[in-house]
Amino acid sequence: KKEGIMDFEAITNKFLEMVIFYGPKLIVAVLTLVIGLWIINVLLKVMFKRLSKSGQDITLINFIKSIAGIALKIMLWITVISMLGVKMTSFIAVLGAAGLAVGLALQGSLANFAGGVLIMLFRPFKVGDFISAQGHMGTVNSIQIFNTILKTVDNKTIIIPNGNLANSDMINFSTESTRRVDLSFGISYEDDFQKAKKIINELIEKDERIFKDPPPFVRVGELADSSVNITVRIWANAADYWGIHFDLIENVKSEFDKQKISIPFPQSDVHLYNHSK
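Since the model is a prediction, treat every value here as computed from it, not as a measurement. (Residues numbered from 1 in each chain as written. Predicted model: local features only at pLDDT ≥ 70, side-chain atom pairs only at ≥ 80, totals over all residues. Heavy atoms only, no water.)

**Student:** Can you tell me about the overall build of the chain, naming the residues and giving the values?
**Tutor:** Tallying secondary structure elements over the chain gives 7 helices and 8 strands in all. Buried positions account for 27% of the 277 residues belonging to the chain. Considering only contacts within the chain whose residues lie at least 6 apart along the sequence, 61% involve residues at least 24 apart. (Helix = DSSP H or I, 4+ residues; strand = E, 2+ residues; numbered from the N terminus. Buried < 20%, exposed > 50% of the residue type's maximum accessible area, 1.4 Å probe, protein only. Contact = heavy atoms within 4.5 Å.)

What follows is the structure, encoded as structure tokens:
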């Protein structure tokens, strides 16, 4: 019985020693954690308001806020753990090994994450831009950390990984406010190309959406196998591009028909020979 009482007293004394030794550290660590989290939330709110007032894109603001929050919380947790007496060298070594293992397992996701960071930083496009990338064309609906979401003109949703998007060719049709409309109209060799040019110029003159400066370009561009091709280059606002494109094609076809100017199509001459024996 005396040995049992002595063991109990020894355990109790050891527990009290640990409480006395680690108690203040634990209290300080918990207070540091609580106060640190509160300070981080305040800092993130202030940063969000400042960035919002600066007119930055909301997608970029949320991305920066998320990254900053993660970085600050990791620093806070490392500080709290070190306050409890944990040796940070061994802890960081374990954390690094775990990070390496996770990194090797998630190479594709990390590449997409890095691509998302590059897109956010360099801003080759923004939400609402019409782009062509990875064999797809559409309006940017959202830019996420790992993927970019496009909406096509026929209302399909296309998800493109940011890793591929950041490391390949991409065309942004919305960067410039103006665009050039390039068209080509073929007429037969028997028709008067000067008359055809005059018809096209008159149609261009009537369309108020087409810029007069730079001046429209209407010239014979090619003497093809079965047609004289007239090259047309006109400038307009980017928003009017497709309207002008289709309207001019329809109007030229209508006027050519009225003015008896033919638009040739591929034909083949078949010659039959009667070989008598």
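Additional details are given in the paragraphs that follow.
**Student:** For the environment of Lys25, give the residues involved together with the corresponding values.
**Tutor:** With respect to the element layout, Lys25 can be found in helix α1 (residues 2-53). According to the relative accessible area criterion, Lys25 is partly exposed, its value standing at 30%. Sequence separation between Lys25 and Leu84 is 59 residues; the distance between their C-alpha atoms is 5.9 Å. The contacts of Lys25, once residues within four sequence positions are left out, are Met83 and Leu84.

**Student:** Any chance you could break down the side chain of Asn229 for me, citing the residues and the numbers?
**Tutor:** Mapping Asn229 onto the fold places it in strand β8 (residues 228-237). Owing to a relative accessible area of 13%, Asn229 belongs among the buried residues under this scheme. When neighbours within four sequence positions are excluded, Asn229 is seen to be in contact with Ser184, Phe185, Gly186, Arg219, Val220, Gly221, Glu222 and Ala224.

**Student:** Give a detailed account of the pattern of salt bridges, specifying residues and quantitative values.
**Tutor:** The final tally for this structure, using the stated rule, is 7 salt bridges. In this structure, Lys156 engages Asp154 in a salt bridge whose closest nitrogen and oxygen atoms are separated by 3.6 Å. Taking relative accessible area as the criterion, Asp154 reaches 46% and is therefore assigned partly exposed. When salt bridges that share partners are traced, they join Asp207, Arg209 and Asp247 into one network. (Salt bridge = Lys/Arg side-chain N within 4 Å of Asp/Glu carboxyl O.)

**Student:** Could you give an account of the packing of aromatic side chains, with specific residues and numbers?
**Tutor:** Any two aromatic rings considered together are summarised by their centre-to-centre distance and by the angle between their planes. Counted according to the given criterion, the structure contains 3 aromatic pairs. Measuring from ring centre to ring centre gives 4.9 Å for Tyr241 and Trp242, while their planes differ by 90°; the resulting arrangement is edge-to-face. With centroids separated by 5.7 Å and ring planes inclined at 25°, the aromatic side chains of Trp242 and Phe246 adopt a geometry described as stacked. Here Trp242 and its partner Phe246 are both found in helix α7 (residues 241-258), 4 residues apart, which amounts to about one turn of the helix. A residue is classified by how much of its surface remains accessible, and Phe246, at 47% relative accessible area, is partly exposed. (Phe/Tyr/Trp six-rings, centres within 6.5 Å; stacked < 30°, edge-to-face > 60°.)

**Student:** Lay out the pairing of strand β3 (residues 147-151) in plain terms, naming residues and giving numbers.
**Tutor:** In this structure, strand β2 (residues 136-143) lies alongside β3, joined through 4 bridges in antiparallel fashion. Across the sheet, Ile143 pairs through a bridge with Thr148, a residue of β3. Hairpin geometry of β2 and β3 is characterised by an intervening segment of 3 residues between the two adjacent antiparallel strands. Taken together, the 5 bridges between β3 and strand β4 (residues 157-161) define a ladder with antiparallel strand orientation. Each bridged residue has a counterpart across the sheet, and for Asn147 the counterpart in β4 is Pro161. Between the antiparallel neighbours β3 and β4 lie 5 residues, among them Asn155 with a positive phi of about 65°. (Pairing = 2+ DSSP bridges.)

**Student:** Give a detailed account of the packing of helix α6 (residues 193-206) against α7, specifying residues and quantitative values.
**Tutor:** A packed helix pair is summarised by two numbers, namely the angle formed by the two axes and the spacing between the axes. Taken N-terminus to C-terminus, the directions of α6 and α7 make an angle of 135°; their axes are 10 Å apart at the nearest point. The angle between α6 and α7 falls in the class oblique. The hand of the α6/α7 crossing is right-handed. In this structure, α6 contributes Ala196, Ile199, Ile200, Leu203 and Ile204 to the contact, and α7 contributes Leu248, Asn251, Val252, Glu255 and Phe256. Considered class by class, the residues forming the contact of α6 with α7 number 8 nonpolar, 1 polar and 1 charged. (Axes fitted to C-alpha atoms, helices over the stretch in contact; angles between N-to-C directions. Parallel < 35°, antiparallel > 145°, perpendicular 65-115°, else oblique. Left-handed = near helix turned anticlockwise from the far one by under 90°. Nonpolar A, V, L, I, M, F, W, Y, C, P; charged D, E, K, R; others polar.)

**Student:** Residues and numbers for the sheet that holds strand β5 (residues 170-172), please.
**Tutor:** A sheet is described by the order of its strands in space; here 5 strands give the open sequence β4-β3-β2-β1-β5, paired in antiparallel fashion. Looking at which strands have only one partner, the edges of the open sheet turn out to be β4 and β5. Strand-to-strand, the axes of this sheet are offset by a mean angle of 40°, without reference to chain direction. Taken together, the 3 bridges between strand β1 (residues 130-133) and β5 define a ladder with antiparallel strand orientation. Bridge assignment links Ser132 to a residue of β5, and that residue is Ile171.

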